[in-house]
Amino acid sequence: MPAYLISLCRDVTDRKRLEDYWANVAPSFEGVEAKPLVAYAPFEVLEGNGGVLGVVLFEFSSMEEARHWYASPAYQEVKKRREGAANFDLILVEGKIVPAAERMPKSSF
């Protein structure tokens, strides 16, 4: 089952370091079943408080493949280039639809 990595850039504190990360991250995907779908394209916040500067979306072959890439030495090394340069939320989600009755079982309404 496919999985999607959603990366939301919240703020940038060191643009030069962030650009260095962008210039060096591609090799971390070598040998990984991942496809970039969106990278910093124009977007519009329809609901919520905003606070997002950029959006990246990758499709992986599975959650396991995405976790493997994220934990890989190649990505962990290049990730150091963006640490302290920008704040991101990274969300990994399975590509499936959960029936309404089974959604968010730990939520209390």
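Note that the structure is predicted; figures quoted are calculated from it, not measured.

Rules and cut-offs
- Residues numbered from 1 in each chain as written.
- Predicted model: local features only at pLDDT ≥ 70, side-chain atom pairs only at ≥ 80, totals over all residues.
- Heavy atoms only, no water.
- Phe/Tyr/Trp six-rings, centres within 6.5 Å; stacked < 30°, edge-to-face > 60°.
- Buried < 20%, exposed > 50% of the residue type's maximum accessible area, 1.4 Å probe, protein only.
- Lys NZ or Arg CZ within 6 Å of the ring centre and 35° of its normal.
- Helix = DSSP H or I, 4+ residues; strand = E, 2+ residues; numbered from the N terminus.

### Description of the packing of aromatic side chains
Logical step 1: Within this structure, the stated rule accounts for ten aromatic pairs.
Logical step 2: Seen in terms of ring centroids, Phe 60 and Trp 69 are 5.7 Å apart; in terms of plane orientation they differ by 40 degrees. Their pairing is tilted. As far as burial versus exposure is concerned, Phe 60 and Trp 69 are alike and both buried.
Logical step 3: Taken together, the aromatic side chains of Tyr 21, Phe 29, Phe 58, Phe 60, Trp 69, Tyr 70 and Tyr 75 make up a single cluster linked through ring pairs.
Logical step 4: The ring of Tyr 21 carries the charged tip of Arg 82 above its face, separated from the ring centre by 5.7 Å.

### Points about unusual backbone geometry
Logical step 1: Backbone geometry places Tyr 40, a non-glycine residue, at a positive phi of 60 degrees.
Logical step 2: The residue Tyr 40 is located in the loop between strand S2 (34–39) and strand S3 (54–60) in this model.
Logical step 3: At Met 104, a position not held by glycine, the phi torsion is positive, near 45 degrees.
Logical step 4: For Met 104, the location among the structural elements is in the segment after strand S4 (86–94).

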